[in-house]
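Architecture at a glance
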Amino acid sequence: MSEGKLAGKVALVTGSSSGIGQGIAIRLAKDGADIVVNYSGNPKGADTTKQQIESLGRKAISVKADLSKVSDCQSLVQSGIEAFGKLDILINNAGVEKGSEFVDVTETDYDFVLNVNLKGVFFTTQAFVKNLLAKNMPGRIINISSVHEDMVFPHFASYCAAKGGVRMLMRDLAVELGPKNITVNNIAPGAIITPINQSLLDDKPKLNALLQNIPLGRMGTVDDVSALAAFLASDEAAYVTGSTYFVDGGLIRNYHEQ
Ligand code: NAP
């Protein structure tokens, strides 16, 4: 048995081939958990995550699953249970965004964003919870939503619709699943340095305008987010459910559209 506050736990981290999901997977492993790594299009990134987890002395498997498909959500959970015998923690992190004028959003673009960011969260969580209930096990569900579960993001209407949906899904499930000792919380990152923000990072005037709006005066790091995920996944957060925790340097209190 490993040491650490997550010793003996198994966590599934969706979209852990990159960015925030990769950081959370490695952080949970540092705290003692074994990890189901998931990717969709980036097997190399998933291998890097898996290797880093194994170098910490923890176990990991890497599973390809396109979470816009319900059958893949279900088979991902099943693969984790077959490999480790159980799953204690689900981190719903996989996400995509697509910007455009509202009037130009196509059905294909809408489905791309909603299917990963909302439908995928819904059905991965359903498969995870079914297994917990069948075994009468407690569990932890942590959704990586966004400040945009609450804050406007013009030209990203589909993203806001999906993340707002994840906010209400979390609130609803916290009540429905609380009596089963399953906690449900959201982490809402602000502007974090990851590949999803590459075009922003490359656009200095836009980046500087954003930094003006962040009271702490910097973009966040993956470690800023994963520290909170490790806490919410641990026994120390046993009485925490039904809320969103912002990791945004104060952005949500101080946003002005330029
Ligand atoms: P990222 O580096 O682009 O990573 C996105 C992850 O999602 C990748 O591992 C990707 O896997 C996975 N993914 C995408 N489509 C998928 C699909 N159909 N099935 C399974 N996995 C899929 O972005 P990130 O910044 O770390 O974002 C992670 C989460 O944080 C997202 O939910 C995002 O909305 C949220 N967030 C990020 C920020 C930020 O500033 N970075 C702020 C607020 C919220 P593959 O590459 O293998 O396909």
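Residues numbered from 1 in each chain as written. Predicted model: local features only at pLDDT ≥ 70, side-chain atom pairs only at ≥ 80, totals over all residues. Heavy atoms only, no water.

A word on the nonpolar core
Nonpolar side chains tend to gather and get buried jointly when the protein is soluble and globular. Formed by 32 residues in total, the largest nonpolar core has its most connected members in Ile 24, Leu 28, Ile 35, Ile 53, Ile 91 and Ile 187. Going through the elements one at a time, strand S1 (10-13), helix H1 (19-30), strand S2 (34-39), helix H2 (43-55), strand S4 (89-92), strand S5 (139-144) and helix H8 (222-233) are the ones with two or more residues in this core. Not counting the four nearest positions on each side in its chain, Ile 35 is found in contact with Ala 11, Val 13, Ala 25, Leu 28, Ala 29, Ile 53, Lys 59, Ala 60, Ile 61 and Phe 84. Ranked by size, the runner-up nonpolar core spans 31 residues in total, among them Val 36, Ala 65, Val 96 and Ala 127. (Core = buried A, V, L, I, M, F, W, Y, C linked by side-chain atoms within 4.5 Å. Buried < 20%, exposed > 50% of the residue type's maximum accessible area, 1.4 Å probe, protein only. Helix = DSSP H or I, 4+ residues; strand = E, 2+ residues; numbered from the N terminus. Contact = heavy atoms within 4.5 Å.)

Considering the environment of Glu 97
Relative to the elements of secondary structure, Glu 97 occurs in the loop between S4 and helix H4 (107-135). Taking the C-alpha atoms as reference points, Glu 97 and Ala 157, separated by 60 residues in sequence, lie 9.7 Å from one another. Here Glu 97 is in contact with Phe 112, Val 113, Phe 153, Phe 156, Tyr 159 and Ile 196, once residues within four sequence places are set aside.

Some thoughts on unusual backbone geometry
Not every positive phi belongs to a glycine, and Asn 136 is a case in point at roughly 55 degrees. With respect to the element layout, Asn 136 can be found in the loop between H4 and S5. Of note in the backbone geometry, Asn 181 takes a positive phi value of approximately 65 degrees without being a glycine. Along the chain, Asn 181 falls in the loop between helix H5 (157-177) and strand S6 (182-189).

Focus: the packing of aromatic side chains
For any two aromatic rings, the description comes down to two numbers: the centre-to-centre distance and the angle of the planes. Overall, the coordinates contain three aromatic pairs when judged by the stated rule. Between Phe 122 and Phe 123, the ring centres sit 5.0 Å apart and the planes meet at 50 degrees, which makes this aromatic pair tilted. Under the relative-accessibility criterion, Phe 122 is labelled partly exposed at 39%. What makes Phe 123 partly exposed here is its relative accessible area of 24%. Between Phe 153 and Phe 156, the aromatic rings sit 4.0 Å apart at their centres with planes inclined by 10 degrees, giving stacked as the arrangement. (Phe/Tyr/Trp six-rings, centres within 6.5 Å; stacked < 30°, edge-to-face > 60°.)

Focus on the site of the ligand
Contacts to the ligand come from 32 residues, most closely from Ser 18, Asn 93, Tyr 159, Thr 194 and Asn 197. The contact in question runs from an oxygen atom of the ligand to an N or O atom on the side chain of Tyr 159, over 2.6 Å. Relative to its free-state accessible area of 890 Å², the ligand is covered by the protein chains to the extent of 90%. Those elements that place two or more of their residues in the shell around the ligand are H1, S2 and H5. Its residues assigned to classes, the shell around the ligand shows 14 nonpolar, 16 polar and two charged. (Near = heavy atom within 4 Å. Polar contact = N/O pair within 3.5 Å; in protein donor to acceptor, adjacent residues only side chain to side chain. Areas by Shrake-Rupley, 256 points an atom, 1.4 Å probe, with all protein chains shown as cover. Nonpolar A, V, L, I, M, F, W, Y, C, P; charged D, E, K, R; others polar.)

Points about the pattern of salt bridges
What the rule picks out here adds up to eight salt bridges. With its nearest N and O atoms 3.1 Å apart, the salt bridge here joins Lys 86 to Asp 88. The class for Asp 88 is buried, based on a relative accessible area of 8%. Ionic pairing is found between Arg 167 and Asp 150, a salt bridge with its closest N-O pair at 2.8 Å. With Arg 167 in helix H5 and Asp 150 in the loop between S5 and H5, the pair connects residues that are 17 residues apart, well separated along the chain. The class for Asp 150 is partly exposed, based on a relative accessible area of 45%. (Salt bridge = Lys/Arg side-chain N within 4 Å of Asp/Glu carboxyl O.)

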